[in-house]
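# Results of the structural survey
What follows is the residue order along each chain.
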Amino acid sequence: MKINFILMCYFFSLVSFAQELSYPELNVTPRASERIKLELKNEHSAGWGVHMPIQLSALSTLIAGAMSTSSLVEDKKEEGGKWAPVTAIGVGAIWLGVTSWATLNHRPYREAYLKLKKMPYNSKREKLTLERLAEEELDQLRKLGRNSRWLSFATNLAASTYLLDNVESDTDAQVAASLSTLLSFTPLLFKYRWEEVYEQQEKYKKKIFSPIAMGPIFNDPFFGTKATGLNLSFIF
């Protein structure tokens, strides 16, 4: 009887421990909400480097468009080629304007922190809710960074190739258009910090292992009856 009581206590303690570790959001270090606080401290010091790859691509597109206004192929002007410099200047100016505004005004980690700060953080349910919402905030920033990079690449590449197809050969305008075409790939080569933070957080979660405790029913080979057992496994 005493042995059965000890085994029962041991079994329930394992089950309780397994349930405690069944929420990686609460066991990861640092937690998502803590990661937001950490990134918040570095957000102001990032400065203009946050959007530098997109701005470099946009600036090259804008300069190429400005240099091409007097170097267009005459035969292609009537076919719509006259709009190539305007398109390049417009695309470059829009991206420079948007990223400049974002550099000066957009503080996504601060916004996420202030939003989550208002939520209760006492019971396990409240903690789990807040951490999952914090993970959603990190995921939204990841998507924003990824979509911005790809949209910048697509628009600047389209404007640059449109320009390159309509400028005269062996001119400075053609060199500038070729360079802007190459630099349109820059945003694809450098990820946003937002994306790296989310990916790191996901790696931390995957390193957490959780024991799974079960109490299956076995056939006792000695007495020919049913007997309870203990099955413990670890998932990595």
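Residues numbered from 1 in each chain as written. Predicted model: local features only at pLDDT ≥ 70, side-chain atom pairs only at ≥ 80, totals over all residues. Heavy atoms only, no water.

### Observations concerning the nonpolar core
Residues Ile36, Trp95, Tyr109, Leu116, Ala134, Leu138 and Trp194 are the most contacted members of the largest nonpolar core, which totals 19 residues. Elements with a minimum of two residues in this core: helix H3 (32–46), helix H4 (52–67), helix H6 (84–105), helix H7 (108–117), helix H8 (124–164) and helix H11 (193–206). By residue number, the principal contributor to this core is H8, which donates 5 residues. Every residue in contact with tryptophan 194, bar those within four places of it in the chain, is listed here: Val50, His51, His106, Pro108, Tyr109, Leu141, Arg142, Leu144 and Gly145. (Core = buried A, V, L, I, M, F, W, Y, C linked by side-chain atoms within 4.5 Å. Buried < 20%, exposed > 50% of the residue type's maximum accessible area, 1.4 Å probe, protein only. Helix = DSSP H or I, 4+ residues; strand = E, 2+ residues; numbered from the N terminus. Contact = heavy atoms within 4.5 Å.)

### Remarks on unusual backbone geometry
In this model, threonine 29 is joined to proline 30 through a cis peptide bond whose omega is -5 degrees. Looking at the secondary structure, you find proline 30 in the loop between helix H2 (24–27) and H3. Positive phi outside glycine occurs at aspartate 170, with the angle close to 55 degrees. Tracing the backbone shows aspartate 170 in the loop between H8 and helix H9 (172–183). Relative accessible area serves as the criterion here: at 77%, aspartate 170 is assigned to the exposed category.

### Side note on the packing of H8 against H9
The axes of two packed helices give the description: the angle between them and the distance between them. For the pair H8 and H9, interaxial distance at closest approach is 8 Å and the crossing angle is 155 degrees. In terms of their interaxial angle, H8 and H9 are classed as roughly antiparallel. As for the relative orientation of H8 and H9, their crossing is left-handed in sense. Only Gln174, Ala177, Ser178, Ser180 and Thr181 of H9 make contact with H8, whose side of the interface consists of Leu157, Ser160, Thr161, Leu163 and Leu164. Of the residues in the contact of H8 with H9, the class split is 4 nonpolar, 6 polar and no charged. (Axes fitted to C-alpha atoms, helices over the stretch in contact; angles between N-to-C directions. Parallel < 35°, antiparallel > 145°, perpendicular 65-115°, else oblique. Left-handed = near helix turned anticlockwise from the far one by under 90°. Nonpolar A, V, L, I, M, F, W, Y, C, P; charged D, E, K, R; others polar.)

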